[in-house]
Amino acid sequence: METEVDALARLTSASELEIYRRIFYASPDYIAFSRLSDGCFIDVNPGFERLLGFRREDVIGRTSYEVGIWPEFGADQRLAYSRKLLQERAVRDYPGYLRCADGRVIEVEASANIVEIHGEEVLIAIVRDVTERNRAAAALREADRRKDEFLAMLAHELRNPIAPISMAAQLLMGAPGDAARVDQLSQVIARQVGHMVGLVDDLLDVSRVTRGLVVLEPHALDLNMLLIDAVEQVRPLLDARRHILTVTPSEGPACVSADRSRMVQIVANLLNNAAKYTPEGGAISLTISLQPEHVELAVSDNGIGIAPTLLSQVFDLFTQAERSPDRSQGGLGLGLALVKSLTELHRGTVCASSAGVGQGSRFAVRLPRLFLPDMAPGQMQPELLAHAPAHPLRILLVDDNVDAADTLAAFLKDAGHQVTVRHDVSGALDALEAGMPEICIFDIGLPDVDGYSLARRVRALPGGQDCRLLGLSGYGHERDRARALQAGFDQYFVKPVDTGSLMSLLAQWAA
């Protein structure tokens, strides 16, 4: 098939010449004509000037070598290109590199033809800048590789707790009367389930954050007041690895406008990251300092450090470089990505620094400082205290998952409450006719009538407006929570239920 470049050699009319002249000047790509005999440029188009930054008048009559468009590397590639061109008299989309007038080297694809014009062989080259395209393709390949590694790591992390849970369940069936053995195995299951819940929570948090579905509930608070909560979450790992943690609060109130639970999550994730990558007996410090316009929260460690090539990637999603020879601490590598996203939602910044491998690391979160001169630190965020219920609550629990319902009911009964369990809507309605409870806990995903409809029925019954309704669901999307509140629920918990939060809520309701 004849190409546009081939057709240039047989132009016979002024109209054709005008068409090619317009293409020559309008093309965004580099188009250049040069004599094959000596390699000197005959003419170049404006695309040449835009792409490389050389002026037309500075290149006409000079060779590409004299102009200096070839970088030092790539000589073998250029030689192969020249041989192919001379042998076949045409080259299509040949990859290579060119040097710009400002010294930058760009990636290009070149198409060239040798044609005869007025009895002289002329090389016509059309060159396109593919630097950004190749960079984007490389980024996609890297993202795909990291995704595959992440999925493999996720499978590994989920299998780890499943094995002891399965074994413990089998051993429990064989030791019904051995109280000590049952207690030991129950602790194993609880620990491993807690680990799995943490993995799932991280995945859900990343999904919500990356899709912009996290809604902050900012309050004026003193960061010094939430350090205890954050440290408590990481204390088991710190103690297990015998780390020495030093906490240094700021001299004055470190006031910011922030969502308390999310700030605790940020601090806990930074401490957890430091604990994972600091050898046993190492030192970790948590410091809050005041700056004129910002409050800085920094976590430093004397651990294995971060390689310079990794520093720019530590906050990227699905990035978990081999910062230690073994991955004994596990995890999905999502903690720092969450820290960055949540910090930016608070209009803050986070950065990582390290002197190199073996030199420890430092992560610093900076948030806009809030000036509230009349507010004492204790006024900003009162501690939530969980009290024993003032009196046992009458609770109706409805869940079609028999195991889930029975275990939660047992937990509530151990806390002193009176619990009636039903596994379907008809049974729930019978229980409601027998007497309105003080608390209803409904699974949303019931098989016959969903929990939303059941909640609306309760509100329509005599005394139903005074009953507290709590919804349970495996879905944690904000729209699911909003739908539950619209249906009449007072609270909405995502499974598995955080028993500490549940008991705190019931204590408030009982009071």
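Because the structure is a prediction, the values reported are computed rather than measured. In every chain, residue numbers begin from 1 and rise along the written sequence. Per-residue local features of the predicted model are confined to residues with pLDDT of at least 70, and side-chain atom pairs are confined, for both listing and counting, to 80 or more; whole-chain, interface and lining totals are unaffected and use all residues. Based on all heavy atoms of the structure, the side-chain values leave hydrogens and waters out of the count.

## Section: the pattern of salt bridges
Then step 1. Salt bridges, as used here, are contacts in which a Lys or Arg side-chain nitrogen is within 4 Å of a carboxyl oxygen on Asp or Glu. As enumerated under the stated definition, the model contains 17 salt bridges in all.
Then step 2. Of the charged contacts in the structure, one is a salt bridge between aspartate 102 and arginine 104, with a shortest N-O distance of 2.8 Å.
Then step 3. You can call arginine 104 partly exposed: its relative accessible area is 44%.
Then step 4. Put simply, arginine 394 and glutamate 438 hold a salt bridge, and the shortest N to O gap is 3.9 Å. A residue pair is termed long-range when its members are at least 10 positions apart, and arginine 394 in strand E13 (residues 394-398) and glutamate 438 in the loop between helix H15 (425-434) and strand E15 (439-443) qualify at 44 residues.
Then step 5. Burial status follows relative accessibility: with a 1.4 Å probe on protein chains alone, a residue under 20% of its type maximum counts as buried, one over 50% as exposed, and anything between as partly exposed. Overall, the relative accessible area of 38% leaves arginine 394 in the partly exposed class.
Then step 6. By relative accessible area, glutamate 438 is classed as partly exposed at 23%.
Then step 7. Connected through salt bridges with shared partners, the residues Arg55, Glu57 and Asp58 form a single ionic network. Under the DSSP-based scheme used, a helix requires at least four consecutive residues in state H or I and a strand at least two consecutive residues in state E, with every element numbered from the N terminus.

## Things to note about unusual backbone geometry
Then step 1. The backbone of arginine 89 sits at a positive phi, close to 60°, despite the residue not being glycine.
Then step 2. Within the fold, arginine 89 resides in the loop between helix H6 (75-88) and strand E3 (90-99).
Then step 3. For arginine 242, which is not glycine, the phi torsion reads 55° and is therefore positive.
Then step 4. Mapping arginine 242 onto the fold places it in the loop between helix H9 (227-240) and strand E7 (244-248).

## Notes on the nonpolar core
Then step 1. Buried Ala, Val, Leu, Ile, Met, Phe, Trp, Tyr and Cys residues that are joined via side-chain atoms within 4.5 Å together make up what is termed a nonpolar core. Within the largest apolar cluster, 40 residues are counted, with the highest numbers of intra-cluster contacts made by Leu223, Leu270, Leu271 and Leu297.
Then step 2. Sorting the residues of this core by element identifies H9, strand E8 (255-258), helix H10 (260-276), strand E9 (283-290), strand E10 (294-301), helix H12 (335-345), strand E11 (349-353) and strand E12 (361-368) as the ones contributing at least two each.
Then step 3. Among the elements that take part in this core, H10 stands out by supplying nine residues, more than any other.
Then step 4. Not counting residues up to four positions away in its chain, the partners in contact with leucine 271 are Ala230, Val231, Val234, Leu245, Ile284, Leu286 and Val299.
Then step 5. Among the nonpolar cores identified, the runner-up in size contains 25 residues, and Val59, Tyr81, Ile106 and Ala125 belong to it. The contact criterion used is simple: two residues touch if any of their non-hydrogen atoms lie within 4.5 Å.

## Section: the packing of aromatic side chains
Then step 1. Working definition: rings of Phe, Tyr and Trp (its six-membered ring) pair if their centres are within 6.5 Å, and the pair is stacked with planes under 30 degrees apart, edge-to-face with planes over 60 apart, and tilted otherwise. Throughout the structure, instances matching the rule amount to eight aromatic pairs.
Then step 2. Between phenylalanine 24 and tyrosine 25 the ring centres are 5.1 Å apart and the planes differ by 90°, which places this aromatic pair in the edge-to-face class.
Then step 3. Overall, tyrosine 25 belongs to the partly exposed group, its relative accessible area being 43%.
Then step 4. When the centroid spacing of 6.4 Å and the interplanar angle of 85° are considered together, the rings of phenylalanine 442 and phenylalanine 489 count as edge-to-face. Remark: phenylalanine 489 occurs in the loop between helix H17 (478-487) and strand E17 (491-494) and phenylalanine 442 occurs in strand E15; sequence separation between them is 47 residues.
Then step 5. For phenylalanine 489, a relative accessible area of 3% translates into the label buried.
Then step 6. What links up through ring pairs into an aromatic cluster is the set Phe24, Tyr25 and Phe33.

## Focus: the pairing of strand E5 (residues 120-129)
Then step 1. DSSP calls a pair of strands paired once it identifies at least 2 bridges connecting them. As defined by bridge partners, strand E1 (residues 30-35) adjoins E5 across six bridges and the pair is classed as antiparallel. Note on E5: the bridge partner recorded for phenylalanine 33 is isoleucine 124.
Then step 2. In this structure, strand E4 (residues 105-117) lies alongside E5, joined through 10 bridges in antiparallel fashion. Within E5, the position partnered with glutamate 116 by the bridge is glutamate 121.
Then step 3. The antiparallel hairpin formed by E4 and E5 contains two residues in its connecting segment, where histidine 118 sits at a positive phi of about 55°.

## Comments concerning the confidence of the model for the chain
Then step 1. Averaged over every residue, the pLDDT of the chain is 81; residues scoring 70 or more account for 83%.
Then step 2. pLDDT expresses how confident the predictor is about each individual residue, on a scale running from 0 to 100. Within the model, pLDDT remains below 50 along residues 321-329, and this stretch shows 18 contacts once partners closer than five positions in the same chain are excluded.
Then step 3. pLDDT under 50 marks residues 373-389. Its contacts with residues more than four places away, or in other chains, come to 23 contacts.

## Quick notes on H9
Then step 1. Across its 14 residues, H9 extends 20 Å between first and last C-alpha, which sits within 8% of the 20 Å expected from 1.5 Å per residue.
Then step 2. Two axes are fitted around each residue, one to the seven residues ending there and one to the seven starting there, and the angle between them is reported as the bend at that residue. At valine 234, H9 shows its maximal kink, close to 55°; a proline, proline 236, follows between one and four residues later.
Then step 3. Listing the buried residues of H9 in full gives Leu227, Ala230, Val231, Val234, Leu237 and Leu238. Helix span, expected: 1.5 Å multiplied by one less than the number of residues in the helix.

## So, the environment of phenylalanine 33
Then step 1. Residue position: phenylalanine 33 is located in strand E1.
Then step 2. A relative accessible area of 16% means that phenylalanine 33 is categorised as buried.
Then step 3. Taking the C-alpha atoms as reference points, phenylalanine 33 and valine 44, 11 residues apart in sequence, are found 6.3 Å from one another.

## Description of the sheet that holds E7
Then step 1. The sheet built from five strands is open, its strands ordered E7-E9-E10-E12-E11 with mixed pairing. Each of the sheet's edge strands pairs with one partner strand only, and the pair in question is E7 and E11. Between one strand axis and the next, the sheet turns by 10° as a mean value, whatever way the strands run.
Then step 2. Here E9 pairs with E10 via seven bridges, running antiparallel. Directly across from serine 289, in E10, lies its bridge partner glutamate 296.
Then step 3. The strands that H9 touches are E7, E9 and E10; relative to E7, the one it contacts most, it runs at about 175°. Between N-to-C directions, angles cover 0 to 180 degrees, with each direction set by a line fitted to C-alpha atoms, over the stretch in contact for helices.

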